[in-house]
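Next come the chains, spelled out residue by residue.
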Amino acid sequence: MTTRDPLDVLNRVFGYDEFRPGQQKIVDHVTSGGDALVLMPTGGGKSLCYQIPALARDGTGVVISPLIALMQDQVDALRALGVRAGFLNSTQDPDERRLTESQLLAGELDLLYLAPERLNLDATRRLLDRAPLALFAIDEAHCVSQWGHDFRPDYLALSGLHEQWPDVPRIALTATATKATHAEISERLGLDEALHHVASFDRPNIQYRIAPKNEPRKQLLDLLRTEHDGDAGIVYCLSRKSVEETAELLVRNGIDAVPYHAGLDAATRERHQARFLREDGLIVVATIAFGMGIDKPDVRFVAHLDLPKSVEGYYQETGRAGRDGLPSTAWLAYGLQDVMQQRKLIESSEGDQAHRRKLATHLDAMLALCETVECRRVQLLAYFGQDGEPCGNCDTCLSPPESWEGTVAAQKLLSTVVRLKRERNQKFGAGQIIDILRGKTTTKITQHRHDELSVFGVGSDLGDNEWRGVIRQLLATGLLAVEGEYGTLVTTPASDEVLYQGRKVHLRREPKRTATREKTKRA
Ligand code: ADP
Ligand code: ZN
């Protein structure tokens, strides 16, 4: 096969002068027919790694992507550069599909975007068999990983590509890169012999911040007004209801914002996404249904009002900020309710014990990132198996949190839970436990005669907020657990180590509540 010069394609078609670090090696390898597995952060420049070899080689480059909603945009953008691109997915009418198919067979397509479920149809495979193929690009390749957070069963069938088309090179790409996901992609897609390129996952222009959650929506407003006035950004919420309410709140406060979640009809979702891509300074308030594959360079902030379920998810979502390399903010509000809620979600989730264990492992890593007193970036990179130095550009570097010896506090709390169970056969949530510790004589305390417990009032040295911090951190580290619909607190086997075996507990000191909070309280 004759090939064209990749650098020439880069210059002439894409108008860029040079390859970014890493791109050249990958492009050359795939252009000359080799397989590759590419792990690169969002914004790293993955698309060119397959687009250029597709143009440099004879035939059509087939791009497998789960992002059906974006295919039209991707194809339009390529056509604007003079690249002959098309797509096949379920949103097309039959005429469009037939046109694309005949272009493919006539060798008139440089790139063909294909949804994985299409590729698994016999008809599609027969079609591809009759067409000259330049390569297969498997985008969002982490979708093949059952260990990961975004598994798509249709991706499993991609392991058969090599058998059916042994001479067509394959390049798999993802922005998710734990060692486990990496290994699983390589194994499932048969890429052990391929060129593996693992880029640094550091995004130095993103400032990572995880704030204690007091009044999240008000904190969000403060953030937008003081630091991101008029900026484009994404606000992630867990529930559709919260998405709607938050978007309304922003609009009521004169901030340009639209909601996005799977409960909105397709036309509305498309309209909001298109506005976000086109307009300056629009905010999308969304569930995690939004954002995969969105290529908007000037997203200045990503805010999370609820805790992501995994570090991979957090990294991918925050990674949508600052693709242009300019300073950007990743801000997350995190509190006791988040831990309770996520633990309960896992407990009530479908699937077997192994599945729940997997979810719990993902959550534990996310919680460790939230509770760390070390540099967030170092911790984040370590999660992906990469080294880093304290960055000076995250909240813990900028104002190092204090830690304190919390063993006695932890013991007081755990023994309260133990006594309620042992002496009264009762379980309670965080609120009542804190009232007991602080010796408050509320109606609920007298009603249950909790003022007669020997632990009543033993924790009067700490305030509500501090006790909530203790509970949150014990939950985060598995020294305490939450149970049932009402979120009652129960001990774990590890609790015994603290109560009876001298295990020490170091806690992160709760930051003082800000003055703005006091003001709103009085108002
Ligand atoms: P990813 O898919 O890894 O998130 P993209 O492929 O969308 O990243 O690339 C991110 C941005 O960087 C795009 O705007 C792209 O045009 C630009 N880009 C990629 N490679 C180069 C290069 N060699 N020179 C200049 N810009 C580049
Ligand atoms: Zn740091």
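Note: the structure precedes this text.
In this text, all values refer to a predicted model and were calculated from it rather than measured experimentally.

Close to ligand 1 lie 15 residues, the nearest being Tyr 16, Gly 44, Gly 45, Lys 46 and Ser 47. Top contributing element to the shell around ligand 1 by residue count: helix H3 (residues 46-56), with three residues.

On to the packing of helix H18 (residues 407-424) against helix H22 (residues 493-500). Between H18 and H22, the shortest axis-to-axis distance is 9 Å and the interhelical angle comes to 120°. When the axes of H18 and H22 are compared, the pair comes out oblique. Both H18 and H22 take part in a crossing whose hand is left-handed. Here H18 contributes Thr 407, Ala 410, Gln 411, Leu 414 and Ser 415 to the contact with H22, which in turn contributes Ser 495, Val 498 and Leu 499. Considered class by class, the residues forming the contact of H18 with H22 number four nonpolar, four polar and no charged.

Glancing now at the nonpolar core. Judged by nonpolar contacts, the single largest core of 139 residues is most densely connected at Val 38, Leu 112, Leu 135, Ile 171, Ala 172, Val 285 and Leu 413. Broken down by element, the residue count for this core peaks at seven residues, all from H3. Apart from the residues within four sequence positions on either side, Val 285 is in contact with Val 235, Cys 237, Val 243, Thr 246, Ala 247, Leu 250, Ala 257 and Pro 259.

Attention now goes to the sheet that holds strand E9 (residues 233-236). If you trace the six strands from one edge of the open sheet to the other, you get E8-E13-E12-E9-E11-E10, paired in parallel fashion. Edge positions in the sheet fall to strand E8 (206-212) and strand E10 (257-260), since each has one partner strand and no second. The mean inter-strand angle of the sheet, taken between neighbouring strand axes irrespective of direction, is 15°. Summarising the sheet, E9 and strand E11 (residues 283-286) pair through four bridges and their orientation is parallel. When the bridges of E11 are listed, Gly 233 appears paired with Ile 283. Each of E8, E9, strand E12 (301-304) and strand E13 (328-334) is contacted by helix H10 (residues 216-227), which is oriented at about 165° to E13, the strand it contacts most.

Another point: the packing of helix H19 (residues 430-438) against helix H21 (residues 464-476). Orientation of H19 relative to H21, taken along the N-to-C sense of each, is 125°, at an axis distance of 10 Å. The orientation of H19 relative to H21 falls into the category oblique. Here the hand of the crossing between H19 and H21 comes out right-handed. Contact residues: H19 offers Ala 430, Ile 434 and Leu 437, while H21 offers Asp 464, Trp 467, Arg 468 and Ile 471. Here the contact of H19 with H21 is built from residues that sort into five nonpolar, no polar and two charged.

Quick look at unusual backbone geometry now. Despite not being glycine, Glu 140 has its phi angle at roughly 50°, a positive value. Note on placement: Glu 140 falls in the loop between strand E5 (133-138) and helix H8 (161-164).

This part is about helix H2 (residues 23-31). Among the residues of H2, Gln 23, Ile 26, Val 27, Val 30 and Thr 31 are the ones counted as buried. End-on, the buried residues of H2 take up no more than an arc of 125°, which puts them together on one face. On its buried face, H2 sits against helix H1 (6-14), strand E1 (36-39), H3, E5, strand E6 (170-174) and strand E7 (195-198). Of the residues trailing H2, Gly 33 is marked for its positive phi of about 100°.

The seven strands are arranged E3-E4-E2-E5-E6-E1-E7 in an open sheet whose pairing can be described as parallel. Each edge of the sheet is formed by a strand with only one pairing partner; in this case those strands are strand E3 (85-88) and E7. If you compare each strand with its neighbour and ignore which way they point, the axes differ by 15° on average. Pairing of E1 with E6 involves four bridges; the strand directions are parallel. Residue pairing for E6: Leu 37 is matched across the bridge by Ala 172. Each of strand E2 (60-64), E3 and strand E4 (111-114) touches helix H5 (residues 94-105); the most contacted strand, E3, lies at about 125° to it.

Cut-off values and rules
Residues numbered from 1 in each chain as written. Chains lettered and ligands numbered in written order. Predicted model: local features only at pLDDT ≥ 70, side-chain atom pairs only at ≥ 80, totals over all residues. Near = placed C-beta within 6 Å. Helix = DSSP H or I, 4+ residues; strand = E, 2+ residues; numbered from the N terminus. Axes fitted to C-alpha atoms, helices over the stretch in contact; angles between N-to-C directions. Parallel < 35°, antiparallel > 145°, perpendicular 65-115°, else oblique. Left-handed = near helix turned anticlockwise from the far one by under 90°. Contact = placed C-beta atoms within 7 Å. Nonpolar A, V, L, I, M, F, W, Y, C, P; charged D, E, K, R; others polar. Core = buried A, V, L, I, M, F, W, Y, C linked by C-beta atoms within 7 Å. Buried ≥ 20, exposed ≤ 12 C-beta atoms within 10 Å, placed from the backbone. Pairing = 2+ DSSP bridges. Arc of directions from axis to C-beta.

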